[in-house]
Each structure stands twice: as C-alpha cells, then as structure tokens.
Amino acid sequence: MGAEFNKKIILEDGQEYYGYGFGDEGERICEIVFQTSMVGYQEILSDPSYTDQAVVMTYPLIGNYGMADDDYESAQPSMGALIVREYNDRPSNFRSTISLGQVMKRYHIPGVYGIDTRKLSRSIRDLGSRKAFITDASTSPLKGLKILEGYRMRTDQVSRVSRREIQVFHGDRERYHVVAIDCGIKKGIVKHLNRLGCKVTVVPWNISAKDLEQLHPDGIFISNGPGNPESVPETVRTVKAVLGRYPVFGICLGHQIISLAYGAKTYKLKFGHRGGNHPVKNLETGKIEITSQNHSFAVDMDSLAGITDGDGRVGVKGSCGSAEEAHMAEWENMQILKALHRLKEPVRETLYLRLIGNLTFKQIGEIMGRSENWARVTFYRGKEIIMKEGKRDEP
C-alpha cells in the first residue's frame, strides 16, 4: 500500500479517513456502522438489512476466499459501501467463482481499504453511527461536510428490497404452509423452513391482512430487513390484524414490527448491534451463548410503563455479557414480549421454551401442526419462543 491514497471517508463530525478504492468507483453517502464477524463477508454484503449502510469490518482481512454462487442471501445486494483494513483480490477457494471486488462493481457498491478500521470502529462505538461520505481523496473537507449537511437519509429501504410479486418455495415433505412477509428476507431463512417441511409463500411487505388470510397459512413469519420499523406502518397494521388468529413469529425487524403491533414503541440504538460473536446470557440457566446479531433498533422500555410479567416485575432486565447499551437491549426485548403477551389476553397456559437454531424452527413446525389449538409465537433471533395456547379462531 505504498501508492497514493485515492479515496477517503468524511464523517459528519469532520473526521477523515484516507484509503484506496475497490469495487464501484462512485461516491456514496451512507450510515456508517461496524460488523465484528470474522467470516461471512459474502452473506453480509448480500443481506438486505445492510441497505444504505457503510459497513466497517473489524476483522482485518477481507476477500481472501472469494465469492461462491450458493452463498448469497439475496439476488440483488444493496449494501451502501464496504470498508476494510486489508482487501485480498486474489481469492483461494475451490468454491469461489468471482472476487468480492468484482461483485461490488457489478452491484454498484463502493469499497475502501487501507484505513485504520480499529480507530474508525472505536469512533463509531464511542460517538455513535453517523452519516459518512465516501468520495475521492481530493474532495475538500468543507465541500464534503456541506454535502453531508444537506443530505437526508432515505427511509424507504423496505419497499426497495422487498419483492413485488408473491413467490412460492416448496420444501421437503411439506406439512405446513408458512406465509413470509418480505421486509428484506434472507434466502437462508426460506431454505431453513423448507428443510423442515414448510411450503413458504413469500409476499410483499405491504400485503393486506385480507390478502394474507386468503393464502390460508399455518403460520405467519415477518422477516428481517433494513431501516426503522416505524417506517413500515402498512406492515404493522397487517400484523396487528392477524395477531391471535395464527402463529406469528419474526426476526430482527420482524420482531420490532410485532412489538409495534402490540402498541410498544421502538428507538434507535447508539451504534447498533452487528456481528456473529455476541454473548447473551440465558437468565433461566445462567449459561452464556455466542449469538449472531444485526439490528439498529430496540423496543422502548418506557413505552411499557406499568406492564408487568407474571412475577409482577416491570420489563425484567438481563445481562448479555457486556455493559454496552445494545447488548442489554437485546435481552430486554425478549422480556418485553413476555410482558406484552401476558397483558393483552388472559390465557389458560403460558409456556416458555429456551431454544436454539434448528430446534426453534422445528418447534414452530410442531406448533403449527396442532389442529385443535392455536399458539401465538414470538421467535426472537433464534433464542426464545413464547407460546400462548387457546382456541383457534378459523378465518
């Protein structure tokens, strides 16, 4: 890296980081965030949840195993930009068919390498996510700050990444029919449900409750996705209309949409929560587990004032192995959903299951298979299901 810098990042507080460009050569304004995963850059690049975000990879070497045709999470990557310490444009991997830089160029995603990602990540952690301008190294700070000041971040990410038409994905030995509301769904989620015997019908983010019910689902899934959950009131209204009639579960943005449908409020975290190595403590067993996270928003505890769980406690705080606000919010959100379920409807029995990975989806399948009872389900990032049993109202 002895050549002269040709790219730089200007943050809205005036900080500048010089580096070298790869991928698309254009300029871009994004929200800057950091990601702590050591592997999985292809899945991160193609995850719709990163739409309009400039992602700083804290792991220093990126691109060394190339890109495999089967590992994309979406057909049209929409990340704002990728920022790395060291970029390897000569991948060594028998599954690789193309380099990371070539894919980024194809989908118009600019990249910057050669910067001090450790310093930049600490800045994001300490000062929060901010607008960032990726531009030519010759752009003056004054000009860059003026452009940033006049730029308004978009709020239509979900409508841009969601599919326009209904699409059906058939599974192995189909037993159940899951309707997935696409707010930016990842391919891996659909494949996972297919393997567990679910036919998955993926529908647009703004489908009406009436049209959804005409599909006769056994369960309804609200997907992950980018942006603020309050920016998709159409999806919130649909979910609110079907709560209690079907098993309903959501991941990431989907969980936040379920919370809004119950009347809770959400807020933006200081720097978000992204990575594949975040510790979360199971308060019932005391065990610490390493989890994958990706979200910018959490449920506002103050919006649930007076709502108690079964033990008379408000919200029940948990420890996730870190003092950071984002880590604490992750577990609190699950406790909030417990309180919401108990508040909204008296039930004959409440059962809490602590489940991980495949077992979670498998349990959801068993719930959907019960013909005599319905069960309302909250699936929160592979960690917990909350079920309330009662008589199912057939649509």
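For the structure itself, consult the block above.
Below, the structure is looked at part by part. Owing to the predicted nature of the structure, the values given are computational and were not obtained by experimental measurement.

**Focus on the nonpolar core**
Ranked by size, the top nonpolar core spans 24 residues in total, and within it Ile181, Cys183, Ile220, Ile222, Val239, Val248 and Ile257 carry the most contacts. Those elements giving two or more residues to this core turn out to be β13 (176-182), α7 (209-213), β15 (219-222), α8 (233-242) and α9 (253-261). It is α9 that provides the largest number of residues to this core, a total of 5 residues. Discounting chain neighbours no more than four positions away, the residues touching Ile257 are Cys183, Ile222, Pro229, Val232, Thr235, Val236 and Val239. With 21 residues, the next largest nonpolar core counts Tyr41, Tyr50, Met57 and Val84 among its residues.

**Considering the environment of Tyr41**
Mapping Tyr41 onto the fold places it in helix α1 (residues 41-45). Overall, Tyr41 belongs to the buried group, its relative accessible area being 3%. Separated by 25 residues in the primary sequence, Tyr41 and Gly66 place their C-alpha atoms 9.4 Å from one another. Apart from the residues lying within four places of it in its own chain, the contact partners of Tyr41 are Ile62, Gly63, Asn64, Tyr65, Gly66, Met67 and Leu100. Of the polar contacts made by the side chain of Tyr41, one reaches the backbone nitrogen of Tyr65; its length is 3.2 Å. Within the structure, Tyr41 has its side chain in polar contact with the backbone nitrogen of Gly66 (distance 2.8 Å).

**A short note on unusual backbone geometry**
The phi angle of most residues is negative, glycine excepted, and most peptide bonds adopt the trans form. Residues other than glycine seldom take positive phi values, yet Arg173 does so here, at roughly 50°. Checked against the element boundaries, Arg173 lands in the loop between β12 (167-169) and β13. Positive phi, close to 55°, is recorded for His216, a residue that is not glycine. Topologically, His216 is positioned in the loop between α7 and β15. The class of His216 is exposed, set by a relative accessible area of 59%.

**Digging into the pairing of strand β11 (residues 130-136)**
In terms of residue burial, β11 counts as a mostly covered element, since 6 of its 7 residues are buried. Pairing between strand β1 (residues 7-11) and β11: 5 bridges, direction antiparallel. The residue of β11 that forms the bridge with Ile10 is Phe133. When strand β3 (residues 28-35) meets β11, the two strands line up antiparallel, connected through 5 bridges.

**Digging into the packing of α8 against α9**
As a packed pair, α8 and α9 sit with axes 8 Å apart at the nearest point and diverge in direction by 65°. Here α9 runs roughly perpendicular to α8, going by the angle between their axes. Between α8 and α9 lies a crossing of right-handed hand. Only Ile257, Ile258, Leu260 and Ala261 of α9 make contact with α8, whose side of the interface consists of Thr235, Val236, Val239 and Lys240. Split by residue class, the contact of α8 with α9 holds 6 nonpolar, 1 polar and 1 charged.

**Focus: the sheet that holds strand β10 (residues 110-113)**
The 7 strands are arranged β1-β2-β10-β7-β4-β3-β11 in a closed barrel whose pairing can be described as mixed. Ignoring strand direction, the axes of neighbouring strands in this sheet form an average angle of 35°. Bridging between β1 and strand β2 (residues 16-23) involves 4 bridges; their strand directions are antiparallel. When the bridges of β2 are listed, Lys8 appears paired with Tyr18. In the packing of helix α3 (residues 117-127) onto the sheet, the strands contacted are β1, β2, β3, β4 (53-57), β7 (81-84) and β11, and the crossing angle to β3 comes to about 90°. Together, β1, β2, β3 and β11 form the strand contacts of helix α4 (residues 141-149), whose direction differs from that of β1 by roughly 55°.

**A look at the pairing of β13**
Both faces of the sheet carry side chains from a regular strand, because those side chains alternate between them. Among the 7 residues that make up β13, 7 are buried, leaving the element largely enclosed by the rest of the structure. On β13, burial covers both faces: Tyr176, Val178, Ala180 and Asp182 on one face and His177, Val179 and Ile181 on the other are all buried. Pairing between β13 and strand β14 (residues 198-204): 7 bridges, direction parallel. Residue pairing in the sheet places Val179 in a bridge with Thr201 of β14. In this fold, β13 hands off to helix α6 (residues 187-195), which returns the chain to β14; that crossover is right-handed. For β13 and β15, the ladder comprises 4 bridges, and the chain directions are parallel. Paired with Val178 across the two strands is Gly219, which belongs to β15.

Conventions adopted
- Starting from 1, residues in each chain are numbered consecutively following that chain's sequence as written.
- The model is predicted, so local features are restricted to residues of pLDDT at least 70 and side-chain atom pairs to those at 80 or more, both for listing and for counting; the totals for chains, interfaces and linings are taken over all residues.
- To obtain the side-chain values, all non-hydrogen atoms of the structure were included, while hydrogens and water were left out.
- As used here, the term nonpolar core means buried Ala, Val, Leu, Ile, Met, Phe, Trp, Tyr and Cys residues forming a set that is joined through side-chain atoms within 4.5 Å.
- Relative accessibility decides the category of a residue: with a 1.4 Å probe and only protein chains considered, values under 20% of the type maximum give buried, values over 50% give exposed, and everything between is partly exposed.
- Under the scheme used here, helices are H or I runs from DSSP no shorter than 4 residues and strands are E runs no shorter than 2 residues, and both carry numbers assigned from the N terminus.
- In this description, contact between two residues means that some pair of their heavy atoms is separated by no more than 4.5 Å.
- Think of a polar contact as two N or O atoms within 3.5 Å of one another; within protein, one of them needs to be a possible hydrogen donor and the other a possible acceptor, and neighboring residues in sequence only count if both atoms come from side chains.
- Two strands form a pair only when DSSP identifies at least two bridges running between them.
- An axis is simply a line fitted to the C-alpha atoms; with a helix, the fit covers only the stretch in contact. Between two such axes, the angle follows the N-to-C directions and lies from 0 to 180 degrees.
- When describing relative orientation, an angle under 35 degrees is termed roughly parallel and one over 145 degrees roughly antiparallel, while 65 to 115 degrees is termed roughly perpendicular and anything else oblique.
- Crossing handedness follows the turn of the near helix against the far one: under a right angle anticlockwise gives a left-handed crossing, and clockwise gives a right-handed one.
- All residues other than Ala, Val, Leu, Ile, Met, Phe, Trp, Tyr, Cys, Pro, Asp, Glu, Lys and Arg, Gly among them, are scored as polar; the first ten of these are nonpolar and the last four charged.
- A clockwise course of the path from the first strand over the helix to the second, judged with the strands pointing away from the viewer, identifies a crossover as right-handed.

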